[in-house]
Amino acid sequence: MADTVSWRPKAGEIPTDPGVYRWRDEAGRVLYVGKAKNLRARLSNYFAPLPTLHERTRRMVLTARSVEWTTVGSEIEALQLEYTWIKEFDPPFNVKFRDDKSYPYMAITLGEEAPRVMVTRNRKIKGAKYFGPYPKIWAVHDTIDLMIKVFPIRTCSDSSYKKAMQTGKPCFPGQIGKCGGPCSQKVTIAEHRAMVEEFVRFMASYDRRVITQLRQRMAASADAMQYEQAARFRDQVGALEAVLEKSAVVLRDSVDLDLFGIAEDELAAAVQLFSVRGGRIRGVRGWVVDKELDISTGDLVEQIVQGQYATTEEPPREVVVPELPEDAEALQQWLSERRGGRGTKLSTAQRGDRAGLARTAAQNAAQALMLYKTKRSADYTTRSAALADIQDALGMTEAPLRMECYDISHLQGTNVVASMVVFEDGLPRKDQYRRYTIAETTDDTDSMYQVLSRRLARLDEDATVPDVPDVTSDDVVEGSKPTKRFAYRPQLLIVDGGQPQVQAAKRAMDEAGVHDIALVGIAKRLEELWLPDDDFPVILPRNSEALFLVQRIRDEAHRFAITHQRTRRKRDVRSQLSEIPGLGPTRVSALLKHFGSVARLREATAEEIGEVPGVGPATAAAVVTKLRQTPTSAPVGPTPPTAASAPSPVSAPDADAATGDVAGADAVVDPTTDGVTDPVTGAASPGGTARLPQVTPDGPHLPS
């Protein structure tokens, strides 16, 4: 392979000014649009040696036949021109927004003679004041129904209003008490305009002084024995209280901001936008974007923010993002211009309530990304298409109706374990998951070889327990009765890793004499599929159902392996501590809870351990001696750790008496995170923060 493409422009031809560049293929189609503060420096990255480029970037460069650029006067102009060209050319390698739905807003048509409150998805009504977006249309209707009890303004259509004003007869909504405009013949146009202004003022600020004033009027009416009027004031107070309860208070009353939460993987990113006005969450919006090239989180943030505010959306006083882009100052200036020059601050949440709200948004984005990735395999037709695509991409003779995926997990080379997850017809078969414990190994490839050797030795239903080396501390007993473990042979074996892991698995298959099962490895960062003895990976199309299915089974194997690794680590340290006189289960739990992880407990001094309630100086010294003297397994090589050092769940299923392998289990509670380990991603859901909403597809839900 050549170092770079033959048509590369000379470095001296590319200016060093800010500008926007376009990649074109041989037919002249625009493949990618990007901007740069320094065009020469940015484009030189694309013309680096091809083997060093990200696989998808390399594919774009090899597809292109030319690159052209336009210099501009500033980064702001580059930002605007980039967005214009992306909208005009829709390049296939740029980020794709999959937000195919608009969100409902509450609009008050202030430009009309008698303003009307309405539900709309149109953001271009002249002179209208908008509130939202709302997660569901019924949420807007509920809010309007409550508000018109307090501020009875016009709700009827323009045709009904015109007819009522011409005939002098109330409109039909006015006759049933659902419209309070001039068309109801109860108020004048001027009186109605004043009521509309009160409506808008309350929705914009949620000022509780309005409720205080209504309570005072209610009390005065009751003192004057005007009980019917007092009852109306009482109902209005209840309606406003209900509106306030539906909107979570998360920040100070003076805070207006939009907060973005982003969860991403190699191919897609889920976005959650919390709109906070007057310290309250006024709207929640979520969408998914597809990524073709390997871009940083900062670049992704820039494109998401630009897409949000480039059209009719006006940014608030502050925009909070997970990470600032490289040219944050230019983006902030652009946001300020979009706000009419009044100034918008672009920042990240570092601490306090903002950080808590950012964690909530990120958690909801992670959940949305998981749902996006898994719901595509829920449909039978979609799963069938995914399996057929995998068959074609890997050159298999039949669709892989049964797939098994293997992953290795360890903590800096110790407590090495492996997992096997099973998908049949594109769906997980948790009853056939297996966990493996590996006692001695040299590196990840050797671990993969051992696990595959054990699995392949029990490939058939009537296979006997093999005579294998001592690869597990829970190994089988000679002469044990053979058992039937699996329904039928898999058509595809997937290993988590690149060529080294694939070659190790291939060696195990060759030694077992298995040649009728396909084998493939999936490399994490680049999402490439590696076949045995192939020099180049298989690249599945972006957004293909096949790639999402392979990702899902890989992520499930990773989650299952980490859960087993943490379980063993917790079990090991508990058994060691229980041997110390004076330490019972309660004090052992107190120690682990106090330090938060086994690693921190091992590093603690006797004085620090003695600070735990119920642990005296003598017991603390015994704990230090025990943990420092306990030998740990030798590291298995330079492979980075694949499991975090956080504490693990507290229970584990028993090992199989015949094989030493542990059967599958569902998600388990992790007491150290006060949450539940996600069954797909393996991430532990943290405990809730007071007053922060938990957002679901139906909108924000407040903690009880």
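Reading the values: rules and limits
One numbering rule holds for all chains: residues counted from 1, following each sequence as written. Reporting in this predicted model follows two pLDDT cut-offs: at least 70 for local features of residues, and 80 or more for side-chain atom pairs to be given and counted; totals over whole chains, interfaces and linings ignore these cut-offs and use all residues. With hydrogens and water set aside, each side-chain value is computed from the structure's full complement of heavy atoms. Each helix corresponds to a stretch of at least 4 residues labelled H or I by DSSP, and each strand to a stretch of at least 2 residues labelled E; elements are numbered beginning at the N terminus. Any pair of residues with heavy atoms lying within 4.5 Å of one another is described as a contacting pair. Under the convention used here, a 1.4 Å probe and the Shrake-Rupley method define accessible areas, while residue burial counts only the protein chains that appear. Only a pair of cysteine sulfur atoms within 2.5 Å qualifies as a disulfide here. Think of it in three bands: residues with accessible area under 20% of the maximum for their type are buried, residues over 50% are exposed, and the middle band is partly exposed, with areas taken using a 1.4 Å probe on protein chains only. Every residue gets a pLDDT, meaning the predictor's confidence in that residue, from 0 to 100. Each residue after the first adds 1.5 Å to the expected span of a helix. Two strands are said to pair when DSSP picks up at least two bridges between them. Axis definition: a line fit to C-alpha positions, over the contact stretch in the case of helices; interaxial angles, taken between N-to-C directions, run 0 to 180 degrees. By convention the crossing between two helices is left-handed if the near helix lies anticlockwise of the far one by an angle smaller than a right angle, and right-handed if it lies clockwise. For this classification, the nonpolar set comprises Ala, Val, Leu, Ile, Met, Phe, Trp, Tyr, Cys and Pro, the charged set comprises Asp, Glu, Lys and Arg, and every other residue, Gly included, is treated as polar. The labels follow the angle: roughly parallel below 35 degrees, roughly antiparallel above 145, roughly perpendicular from 65 to 115, and oblique for the rest. Consider the strands pointing away from the viewer: the crossover is right-handed when the path from the first strand over the helix to the second runs clockwise. Throughout this description, the term salt bridge denotes a Lys or Arg side-chain nitrogen within 4 Å of a carboxyl oxygen of Asp or Glu. Put simply, two rings from Phe, Tyr or Trp (the six-membered ring, in Trp's case) pair if the centres are within 6.5 Å, and we call them stacked under 30 degrees between planes, edge-to-face over 60, tilted for the rest. Our definition puts a charge over a ring when NZ of Lys or CZ of Arg is within 6 Å of the ring centre and also within 35 degrees of the ring normal.

Concerning the overall build of the chain
Now for step 1: Check the secondary structure of the chain and you find 20 helices and 24 strands.
Now for step 2: Taking the contacts inside the chain whose residues are at least 6 apart along the sequence as the reference set, 66% of them involve residues at least 24 apart.
Now for step 3: Working note: accessible area of the chain is about 32,500 Å², and carbon and sulfur atoms make up 51% of it.

Considering the state of the cysteines
Now for step 1: Counting across every chain of the model gives zero disulfides.
Now for step 2: The structure places no disulfide on Cys 179, whose sulfur is separated from the nearest cysteine sulfur, that of Cys 183, by 3.6 Å.
Now for step 3: We classify Cys 179 as buried; its relative accessible area is 5%.

Description of the confidence of the model for the chain
Now for step 1: The predicted model of the chain has a mean per-residue pLDDT of 74, with 75% of residues at 70 or higher.
Now for step 2: Ranking the helices and strands of the chain by mean pLDDT puts strand β17 (residues 492–496) first, with 92, and strand β21 (residues 669–670) last, with 30.
Now for step 3: The model gives residues 461–484 a pLDDT under 50, and that stretch makes 41 contacts with residues more than four places away or in other chains.
Now for step 4: Residue range residues 631–704 is modelled with pLDDT below 50. Its contacts to residues more than four positions away, or to other chains, number 188 contacts.

Quick notes on helix α8 (residues 209–223)
Now for step 1: Here α8 contains 15 residues, and its C-alpha end-to-end distance of 21 Å stays within 8% of the 21 Å for a straight helix at 1.5 Å per residue.
Now for step 2: In the segment just after α8, Met 225 is the residue with positive phi, at about 60 degrees.

Quick word on unusual backbone geometry
Now for step 1: Phi at Asp 425 is positive, roughly 55 degrees, even though this residue is not glycine.
Now for step 2: At Asp 533, a position not held by glycine, the phi torsion is positive, near 70 degrees.
Now for step 3: Its place among the elements puts Asp 533 in the loop between β19 (528–530) and α16 (545–578).

Describing the sheet that holds strand β2 (residues 30–36)
Picture the strands of a sheet paired through backbone hydrogen bonds; they go either parallel or antiparallel.
Now for step 1: The sheet built from three strands is open, its strands ordered β2-β1-β3 with antiparallel pairing. Lying at the two open borders of the sheet, with one neighbouring strand each, are β2 and β3 (66–71). For this sheet the average axis-to-axis angle between neighbouring strands, irrespective of direction, equals 20 degrees.
Now for step 2: One ladder, built from six bridges, connects strand β1 (residues 19–24) with β3; its direction is antiparallel. If you follow Tyr 21 over to β3, its bridge partner there is Trp 69.
Now for step 3: Here helix α3 (residues 75–89) sits on the sheet and contacts β1, β2 and β3; the angle it forms with β2, its principal contact strand, is near 170 degrees.

Notes on the packing of helix α14 (residues 444–457) against helix α15 (residues 499–512)
Now for step 1: Where α14 meets α15, the closest approach of the two axes is 8 Å, and the angle between their N-to-C directions is 35 degrees. Considering how the two elements wind past one another, α14 and α15 form a crossing that is right-handed. Side by side, α14 and α15 meet where Asp 444, Thr 445, Met 448, Tyr 449, Leu 452, Ser 453 and Leu 456 of the first sit next to Pro 500, Gln 501, Ala 504, Ala 505, Arg 507, Ala 508, Met 509, Glu 511 and Ala 512 of the second.
Now for step 2: Of the residues that constitute the contact of α14 with α15, the class distribution is ten nonpolar, three polar and three charged.

A short note on the environment of Val 305
Now for step 1: Note on placement: Val 305 falls in helix α10 (residues 297–309).
Now for step 2: Residue class for Val 305 comes out buried when judged on its relative accessible area of 1%.
Now for step 3: In sequence terms Val 305 and Phe 260 are 45 residues apart; their C-alpha atoms lie 8.7 Å from each other.

Brief notes about the packing of α3 against helix α11 (residues 328–338)
Now for step 1: It is at 9 Å that the axes of α3 and α11 come closest, and there the two elements cross at 70 degrees. When the axes of α3 and α11 are compared, the pair comes out roughly perpendicular. Contacts from Glu 75, Ile 76, Leu 79 and Gln 80 in α3 reach Ala 330, Leu 331, Gln 333, Trp 334 and Glu 337 in α11.
Now for step 2: Of the residues contributing to the contact of α3 with α11, the split by class is five nonpolar, two polar and two charged.

Some thoughts on the sheet that holds strand β7 (residues 128–131)
Now for step 1: Pairing within the open sheet is antiparallel, and its three strands lie in the order β6-β5-β7. Only two strands of the sheet have a single partner each, and these edge strands are β6 (117–120) and β7. Geometrically, the sheet is characterised by an average inter-axis angle of 30 degrees between neighbouring strands, direction not taken into account.
Now for step 2: Looking at chain direction, strand β5 (residues 105–109) and β7 are connected through four bridges and run antiparallel. Its bridge partner being in β7, Met 106 is matched across the sheet by Phe 131.

Regarding the environment of Arg 383
Now for step 1: Following the sequence through the fold, Arg 383 ends up in helix α13 (residues 380–394).
Now for step 2: Expressed as a C-alpha distance, the spacing of Arg 383 and Leu 549, which sit 166 residues apart in the sequence, is 8.1 Å.

Topic: the pairing of β17
Now for step 1: A large share of β17 lies buried, amounting to five of its five residues.
Now for step 2: Judged by which residues are buried, β17 turns out to be covered on both faces: Leu 492, Ile 494 and Asp 496 on one side and Leu 493 and Val 495 on the other are all buried.
Now for step 3: In this sheet, β17 lies alongside strand β13 (residues 402–411) in parallel orientation, the contact comprising four bridges. Among the inter-strand pairings, Met 403 is bridged to a residue of β17, identified as Leu 492.
Now for step 4: Sheet topology note: the β17/strand β18 (residues 518–523) ladder contains five bridges and is parallel. Each bridged residue has a counterpart across the sheet, and for Asp 496 the counterpart in β18 is Ile 522.
Now for step 5: The parallel pair β17 and β18, bridged by α15, forms a crossover whose chirality is right-handed.

Considering α10
Now for step 1: Under the 1.5 Å per step criterion, the end-to-end length of α10 is 18 Å for 13 residues, consistent within 8% with the ideal 18 Å.
Now for step 2: Of all 13 residues in α10, ten are buried, a share of seventy percent or more.
Now for step 3: What α10 keeps buried is the set Gly 298, Leu 300, Val 301, Glu 302, Gln 303, Ile 304, Val 305, Gln 306, Gln 308 and Tyr 309.

Side note on the pattern of salt bridges
Pairing between side chains of opposite charge can happen when the charged atoms of each approach one another.
Now for step 1: Taken as a whole, this structure holds 18 salt bridges when the rule is applied.
Now for step 2: The shortest N-O distance in the salt bridge between Arg 402 and Glu 424 comes to 2.7 Å. With Arg 402 in strand β13 and Glu 424 in strand β14 (residues 414–424), the pair connects residues that are 22 residues apart, well separated along the chain. Both residues of the pair, Arg 402 and Glu 424, count as buried.
Now for step 3: When salt bridges that share partners are traced, they join Arg 402, Glu 404, Glu 424, Arg 429, Asp 431 and Arg 455 into one network.

Remarks on the environment of Pro 613
Now for step 1: Along the chain, the position of Pro 613 falls in the loop between α19 (606–610) and α20 (617–629).
Now for step 2: The spatial distance from the C-alpha of Pro 613 to the C-alpha of His 594 is 9.5 Å, given a sequence separation of 19 residues.

Considerations on the packing of aromatic side chains
Any pair of aromatic rings gets described here by the distance separating the centres and the angle formed by the planes.
Now for step 1: Applying the stated criterion across every chain, the model contains eleven aromatic pairs.
Now for step 2: Here Phe 151 and Phe 199 contribute two aromatic rings whose centre-to-centre distance is 6.2 Å and whose plane-to-plane angle is 70 degrees, an arrangement assigned as edge-to-face. With Phe 151 in the loop between α4 (137–150) and α5 (158–167) and Phe 199 in helix α7 (residues 189–205), the pair connects residues that are 48 residues apart, well separated along the chain.
Now for step 3: Take Phe 199: its relative accessible area is 0%, and that puts it in the buried class.
Now for step 4: Taken together, the ring pairs in this structure connect Trp 7, Tyr 21, Trp 23, Tyr 32, Tyr 46 and Phe 47 into an aromatic cluster.
Now for step 5: Sitting over the face of the ring of Tyr 161, Arg 154 holds its NZ or CZ atom 4.6 Å from the ring centroid.
Now for step 6: Over the face of the ring belonging to Tyr 449 we find Arg 507, whose NZ or CZ atom lies 4.0 Å from the ring centre.

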